[in-house]
Amino acid sequence: MEKPIPDYARIVIIGGGVIGTSIAYHLTRSGEKDVVLLEKSNLTDGATWHAAGLVGQFRSQQNLMSLMSDSVRLFDSLAAETGQETGWQRVGSLRLAQSEDRWKELLKSYSAAQAVGFEMNMLTPNEARDIYPLIEVGDLVGAAFIPEDGHIDPYSLTRAYAKGIRGNGGQIFEGVMVTDLIRAGDRITHVETSQGSIEVEIVVNAAGLWARQLGWMAGVEIPAGIVEHQYLVTEKSDLIPADLPALRDPDGGFYAKPEPGALAIGGWERKTNMVNPKEGFPWENEHHLFDADFDRLQAFFEPAMRRIPILGELGMRTIVNGPIPISPDGEPVMGPVPGLNNFFAACGFTSGIAASGGAGKAVANWILEGDPGLDLWPFDIRRFGALHAGRHFLHDRAVESYSKYYAIHWPGEELESARGVRRSPLYQTLKDQGAVFGSKFGWERANWFAYGDIPQQDVLGFDRTQQDITVGREHKAAREGVVLIDMSSFTKFEISGPRACQFLQYLAVANVDKQPGGATYTQLCNERGGIEADVTIIRRAQDCFWLITGSGLGVRDKHWIESNLEKYLKRHAAVGLSSGEQWLRSNAAVSNQVVVRDITSAHGVINLAGPLARKVLDKVCDEDVSHKAFPFMAARDIRIGYAPAMAYRVTYIGELGWELYIPSEYMQYVYELLQEAGREFGICNIGYRAIDSLRLEKRYLAWGIDITPDYNPFEAGLQFLIDWEKGDFIGAEALESIREKGVEQKLTCFALDKPLPVFGGEAIFFEGKVVAQTTSGNFGYSIDKSLVLGYLPVELLKQSQFEVEVFGERCGATIIQGAAYDPRRKKILS
């Protein structure tokens with residue numbers, strides 16, 4: 001008789017593929033015993049069973065590479081630990097470069113690999129053929145070999161995870177269909193199944209192909225679509241060596257995985273098919289394969305035959321055209337699901353086998369410790385919003401992301417699908433004036449402006465083609481004259497109520513208790529002191545504040561605010577209460593005393609900036625905008641012509657300026673008025689690429705790039721913002737400890753000796769050894785130097801002989817103390 005499902009479980013994981021079993025394995029391995037995994041059919045059914053099983057570790061960012069490397073370290077020991085063979089073969093992987101641009105991309109990756117201590121060997125074409133004797137190399141520029149990559153059997157790997165789960169006290173139930181998720185407020189209380197109901201504390205959505213439908217049961221949208229992915233397995237031949245590494249030829253659009261005496265050839269072709277975009281994937285299709293698509297097969301198999309001529313002599317033994325999950329940007333969907341405080345996502349993995357060990361460890365840590373153990377923002381579900389989960393947006397972006405899997409990833413390249421969705425009132429005006437737009441969280445934002453004979457379209461490349469005459473022009477206009485920047489895509493929250501100030505004091509490291517009209521730049525830290533958000537808080541009235549954050553950070557930051565608001569209210573409502581009944585009554589009353597409201601769409605933002613900005617503003621408003629009457633970091637309600645606006649004196653580019661928050665219906669009018677008033681001063685538009693160059697000269701930081709939860713304010717040089725006298729705030733204890741003990745690394749700015757194109761991710765060397773990795777990089781047009789930021793070990797801060805490796809070239813670099821431009825802030829405070 002089969003064991004009945006329990007009535008209660010602390011953690012229920014839904015989905016018995018490689019991701020779900022890995023999460024359960026890591027939870028039980030960490031000592032969590034009350035873990036139940038539910039699988040509607042059999043383990044590995046869905047996308048796992050037909051996966052090719054390639055394991056490639058390299059990613060462009062350090063933490064993402066760490067995730068993949070965690071998988072490899074686990075694969076090395078999992079069979080011995082569980083007694084279940086996994087089929088893990090650490091044979092290495094070879095990645096080919098057929099063009100100079102592809103070679104540059106590999107060189108960029110190689111620099112990043114060195115920075116994180118990851119073994120990656122750059123090879124000549126002949127050296128590549130020595131490792132993989134079946135390939136033609138006449139058209140190759142070079143190759144990269146990663147010795148610790150390999151391949152693994154997905155079925156055996158999942159079985160090993162399952163054996164580990166059971167051995168550690170967890171429970172697995174196969175053939176149990178989840179039929180509903182019962183909510184009470186912002187919690188899932190019960191998982192309803194075909195065999196009964198389970199009361200639950202935490203639920204994990206690892207449902208793979210069915211993740212979106214499982215989200216619907218909980219009343220939330222999960223941005224995970226499905227596309228077709230195809231590979232074939234050749235007939236066996238004695239001509240295929242037994243010790244081949246995995247092969248990737250991105251210019252040919254294919255990969256080759258060694259099989260016993262054969263090869264599995266798969267591709268990431270330029271066009272695939274979306275699957276069941278409207279109603280979701282049929283529940284009963286856990287073993288479903290699609291008919292072979294020979295047109296798509298031809299797209300990658302013909303290049304494969306040219307690269308590996310023996311393929312022309314081998315027949316096809318099997319063609320597999322199966323469904324795989326994919327997100328709008330092609331990266332996994334992980335972490336706490338906004339709208340629910342006990343629901344986690346772990347889905348959308350196109351490379352789930354390779355990621356499974358690291359992803360399982362990260363999600364388990366997220367559940368048990370409250371964070372994944374490392375910054376995983378590029379995988380975090382909160383990088384998406386409701387827009388991304390919409391059927392048309394999700395699947396259009398998913399298909400495009402699939403098509404670009406093996407494309408060269410150009411710096412600053414923008415996706416082409418699902419565009420023009422969210423538009424500022426100034427969109428058409430800016431387009432008519434030459435704007436070349438990028439997309440951020442669905443918003444169309446001007447990246448740069450064409451003028452004269454310059455075409456109104458991006459030029460892609462690794463050398464910042466023509467940016468000296470486009471971005472450079474805008475940069476210098478901001479430094480020397482006056483500019484307009486449409487920043488309407490800023491996320492804006494109104495936080496109000498009798499306890500709003502006290503809550504924000506608890507949330508932020510800086511003191512936000514200013515008089516109405518006062519503003520504060522601050523970080524929101526976690527209990528470890530890591531930086532969870534980088535925001536501005538403006539006091540609009542005694543009980544009303546505006547919190548301003550980045551265009552793509554609204555979902556994440558709102559989730560952080562609201563989750564901590566709940567903790568704050570419970571904590572303060574409990575003070576002085578003598579019974580549970582009194583607490584409940586008090587909590588119900590106090591829950592309305594802090595209200596968080598998204599007001600992004602209600603207000604556009606025009607940034608008027610530059611040394612002549614005051615002259616323009618003075619012409620269109622009656623208020624005194626002198627430095628004495630309107631100091632830095634002050635916010636005032638003013639009139640611009642006939643229109644109301646909130647003017648906030650601040651800068652992200654290092655010049656005199658105001659962010660003008662304007663009701664959306666007045667935006668076009670205000671813009672026209674400012675442009676006309678500034679005509680005599682040569683006013684012009686600038687875009688976000690110029691902003692990045694300008695802010696780097698001022699050492700202004702970007703969250704998710706320069707500062708993340710992995711770094712604290714002391715490391716980032718932001719400790720001066722912390723108010724130690726205001727009382728308790730999140731992270732205070734950890735930050736006090738850091739203040740006493742000091743830090744091991746600090747964010748440092750370097751100027752390169754040559755004007756090389758830098759983008760972030762480059763290795764920093766001292767005396768021939770890698771000591772750090774850059775976070776940001778750009779050209780500073782005011783100082784005529786390439787600039788980078790990077791976290792440098794503190795013992796090296798007084799040294800001088802540094803080098804930065806840029807596309808294979810090492811260039812001398814000098815530490816810049818403070819900001820490279822206007823370090824005394826004279827222009828800002830003028």
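As the structure is a computational prediction, the values presented were derived from the model and not from experiment.

1. A closer look at helix H5 (residues 154-167)
Because the α-helix completes a turn every 3.6 residues, residues three or four places apart line up on one side.
Turning to step 1, where the next piece is worked out: Its 14 residues give H5 an end-to-end C-alpha distance of 20 Å, which sits within 8% of 20 Å, the value for a rise of 1.5 Å per residue.
Turning to step 2, where the next piece is worked out: Turning to H5, its buried residues are Pro154, Ser156, Leu157, Thr158, Ala160, Tyr161, Ala162, Gly164 and Ile165.
Turning to step 3, where the next piece is worked out: Along its buried surface, H5 packs onto helix H1 (18-29), strand E2 (35-39), helix H2 (62-82), strand E8 (171-174) and helix H8 (352-369).
Turning to step 4, where the next piece is worked out: One or two steps after H5, the chain reaches glycine 169, where phi turns positive at roughly 100 degrees.

2. With respect to the confidence of the model for the protein chain
Turning to step 1, where the next piece is worked out: Looking at the protein chain as a whole, its pLDDT mean stands at 95, while 97% of the residues score no less than 70.
Turning to step 2, where the next piece is worked out: Counted against residues more than four places away or in other chains, residues 576-589, with its pLDDT under 50, gives 10 contacts.

3. Observations concerning the packing of aromatic side chains
In this description, an aromatic ring pair is defined by two values, namely the gap between the centres and the angle between the planes.
Turning to step 1, where the next piece is worked out: All chains considered together, the criterion is met by 22 aromatic pairs.
Turning to step 2, where the next piece is worked out: When the ring of phenylalanine 630 is compared with that of tryptophan 658, the centres are 5.9 Å apart and the planes differ by 75 degrees; the resulting orientation is edge-to-face. With phenylalanine 630 in the loop between helix H16 (613-620) and strand E28 (635-640) and tryptophan 658 in strand E30 (residues 657-663), this residue pair connects regions lying 28 residues apart in the sequence.
Turning to step 3, where the next piece is worked out: Overall, phenylalanine 630 belongs to the buried group, its relative accessible area being 1%.
Turning to step 4, where the next piece is worked out: Each ring, one from tyrosine 642 and one from tyrosine 669, has its centre 6.0 Å from the other, and the planes form 15 degrees; the classification is stacked.

4. Looking at the pattern of salt bridges
Turning to step 1, where the next piece is worked out: Summed over the entire model, instances satisfying the criterion amount to 38 salt bridges.
Turning to step 2, where the next piece is worked out: Its salt-bridge partner being lysine 570, residue glutamate 566 comes within 3.1 Å of it at the nearest N-O pair. Taken together, the residues span about one helical turn, with glutamate 566 and lysine 570 both in helix H14 (residues 554-573) at a distance of four residues.
Turning to step 3, where the next piece is worked out: Glutamate 566 sits in the partly exposed class, given a relative accessible area of 25%.
Turning to step 4, where the next piece is worked out: Beyond isolated ion pairs, a larger network of salt bridges with shared partners links Glu228, Glu269, Asp293 and Arg296.

5. Digging into the pairing of E2
Turning to step 1, where the next piece is worked out: A large share of E2 lies buried, amounting to five of its five residues.
Turning to step 2, where the next piece is worked out: Here E2 shows no split at all, with Val35, Leu37 and Glu39 on one side and Val36 and Leu38 on the other all buried.
Turning to step 3, where the next piece is worked out: Bridge count for strand E1 (residues 8-14) against E2 is four bridges, and the pairing is parallel. When the sheet's bridge partners are listed, isoleucine 14 is paired in E2 with leucine 38.
Turning to step 4, where the next piece is worked out: Taking the sense of rotation as the criterion, the β-α-β connection linking E1, H1 and E2 turns out right-handed.
Turning to step 5, where the next piece is worked out: Both E2 and E8 contribute to a ladder of four bridges, which runs parallel. The residue bridging glutamate 39 from the neighbouring strand is glutamate 174, located in E8.

6. As for the packing of H2 against H5
Turning to step 1, where the next piece is worked out: Where H2 meets H5, the axes come as close as 10 Å, and the angle between the chain directions of the two elements is 55 degrees. Between H2 and H5, the angle is such that the two are oblique. As H2 runs across H5, the sense of the crossing is left-handed. Counting all contacts with H2, which are made through Leu74, Phe75, Leu78 and Thr82, the residues of H5 involved are Leu157, Ala160, Tyr161, Lys163 and Gly164.
Turning to step 2, where the next piece is worked out: Residue composition of the contact of H2 with H5, by class: six nonpolar, two polar and one charged.

Reading guide: rules and limits
Residues numbered from 1 in each chain as written. Predicted model: local features only at pLDDT ≥ 70, side-chain atom pairs only at ≥ 80, totals over all residues. Heavy atoms only, no water. Helix = DSSP H or I, 4+ residues; strand = E, 2+ residues; numbered from the N terminus. Expected span 1.5 Å × (residues − 1). Buried < 20%, exposed > 50% of the residue type's maximum accessible area, 1.4 Å probe, protein only. Contact = heavy atoms within 4.5 Å. pLDDT = per-residue confidence, 0-100. Phe/Tyr/Trp six-rings, centres within 6.5 Å; stacked < 30°, edge-to-face > 60°. Salt bridge = Lys/Arg side-chain N within 4 Å of Asp/Glu carboxyl O. Pairing = 2+ DSSP bridges. Right-handed = clockwise from strand over helix to strand, strands pointing away. Axes fitted to C-alpha atoms, helices over the stretch in contact; angles between N-to-C directions. Parallel < 35°, antiparallel > 145°, perpendicular 65-115°, else oblique. Left-handed = near helix turned anticlockwise from the far one by under 90°. Nonpolar A, V, L, I, M, F, W, Y, C, P; charged D, E, K, R; others polar.

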